Amino acid sequence: FDAVAKAVIPIIDRFNAQEISNTVNVFAKMDHRHPELFDAVAAASIPIIGSFNAQALANAVNAFAKIDHRHSELFDAVATTAIPIVGTFTTQGLGNTVNAFAKMNHGYPELFDAVAKSAIPIMDTFTTQALSNTVNAFA
């Protein structure tokens, strides 16, 4: 994985939102911490954060949280982008997003308010895991 990170870092700015999200998600799933890669991903993501769809936003912050890599500017950018499109998130995406913010102790009340407003009417459609992640984040 270190060789992959080394190859990706210089070209990460060529990746689209989905490719960026997929890259950090794989590193997080493998529990492979590579701070330089995650910093490069954050730097490349912030200028194009508006091109991230709900799934890419949720997966990106979830990956950062899984490996405990803090990047306040990225989390702020994700929150700002997510709020207007929170209604497009899946129940899993809602849960994973607020759970990532909670794990990182990154407060963003406007995001949590938007997620709550979106989640309450569809609470009966949440899987047990999505419900658990969401409730845990609000605890």
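Attention here is on the structure that accompanies the text.

Calculation rules
- Residues numbered from 1 in each chain as written.
- Predicted model: local features only at pLDDT ≥ 70, side-chain atom pairs only at ≥ 80, totals over all residues.
- Heavy atoms only, no water.
- Helix = DSSP H or I, 4+ residues; strand = E, 2+ residues; numbered from the N terminus.
- Contact = heavy atoms within 4.5 Å.
- Axes fitted to C-alpha atoms, helices over the stretch in contact; angles between N-to-C directions.
- Left-handed = near helix turned anticlockwise from the far one by under 90°.
- Nonpolar A, V, L, I, M, F, W, Y, C, P; charged D, E, K, R; others polar.
- Patch = residues over 30% accessible without salt bridge, like charges linked within 9 Å, V, L, I, M, F, W, Y side chains within 5 Å.
- Areas by Shrake-Rupley, 256 points an atom, 1.4 Å probe, with all protein chains shown as cover.
- Salt bridge = Lys/Arg side-chain N within 4 Å of Asp/Glu carboxyl O.
- Buried < 20%, exposed > 50% of the residue type's maximum accessible area, 1.4 Å probe, protein only.
- Core = buried A, V, L, I, M, F, W, Y, C linked by side-chain atoms within 4.5 Å.

1. Observations concerning the side chain of S21
Thought 1: Tracing the sequence through the fold places S21 in helix 2 (residues 17-29).
Thought 2: The contact partners of S21, leaving out residues within four places of it in the chain, are Q55, A56, N59 and A60.

2. Section: the packing of helix 4 (residues 54-66) against helix 6 (residues 91-103)
Thought 1: Two numbers describe how helix 4 lies on helix 6: the axes approach to 8 Å, and their chain directions differ by 35°. Crossing geometry of helix 4 relative to helix 6 is assigned as left-handed. Along the contact surface, helix 4 presents A58, V61, N62 and A65, while helix 6 presents G93, N96, T97, A100, F101 and K103.
Thought 2: Residues of the contact of helix 4 with helix 6, tallied by class, amount to 5 nonpolar, 4 polar and 1 charged.

3. What to know about a nonpolar patch on the surface
Thought 1: The grouping of I120, M123, L131 and V135 at the surface amounts to a nonpolar patch, some 340 Å² of accessible area in total.
Thought 2: Topologically, M123 is positioned in the loop between helix 7 (109-119) and helix 8 (128-138).
Thought 3: Given the relative accessible area of 32%, M123 is considered partly exposed.

4. Observations concerning the nonpolar core
Thought 1: Judged by nonpolar contacts, the single largest core of 49 residues is most densely connected at I12, F52, F64, F89 and F101.
Thought 2: Among the secondary structure elements, those contributing two or more residues to this core are helix 1 (2-8), helix 2, helix 3 (35-45), helix 4, helix 5 (72-85), helix 6, helix 7 and helix 8.
Thought 3: Ranked by residues supplied to this core, first place goes to helix 4 with 9 residues.
Thought 4: Look past the residues within four positions of I12 in its chain and what remains in contact with it is I20, A40, V41 and A44.

5. What to know about the pattern of salt bridges
Thought 1: One pass over the full model with this rule turns up 2 salt bridges.
Thought 2: In this structure, D68 engages R70 in a salt bridge whose closest nitrogen and oxygen atoms are separated by 3.4 Å.
Thought 3: Classification of R70 by relative accessible area gives partly exposed; the value is 48%.

6. Some details on unusual backbone geometry
Thought 1: One non-glycine residue, D31, lies in the positive phi region at around 55°.
Thought 2: Inspection of the secondary structure puts D31 in the loop between helix 2 and helix 3.
Thought 3: Phi at D68 takes a positive value of approximately 55°, unusual for a residue other than glycine.
Thought 4: Relative to the assigned elements, D68 resides in the loop between helix 4 and helix 5.

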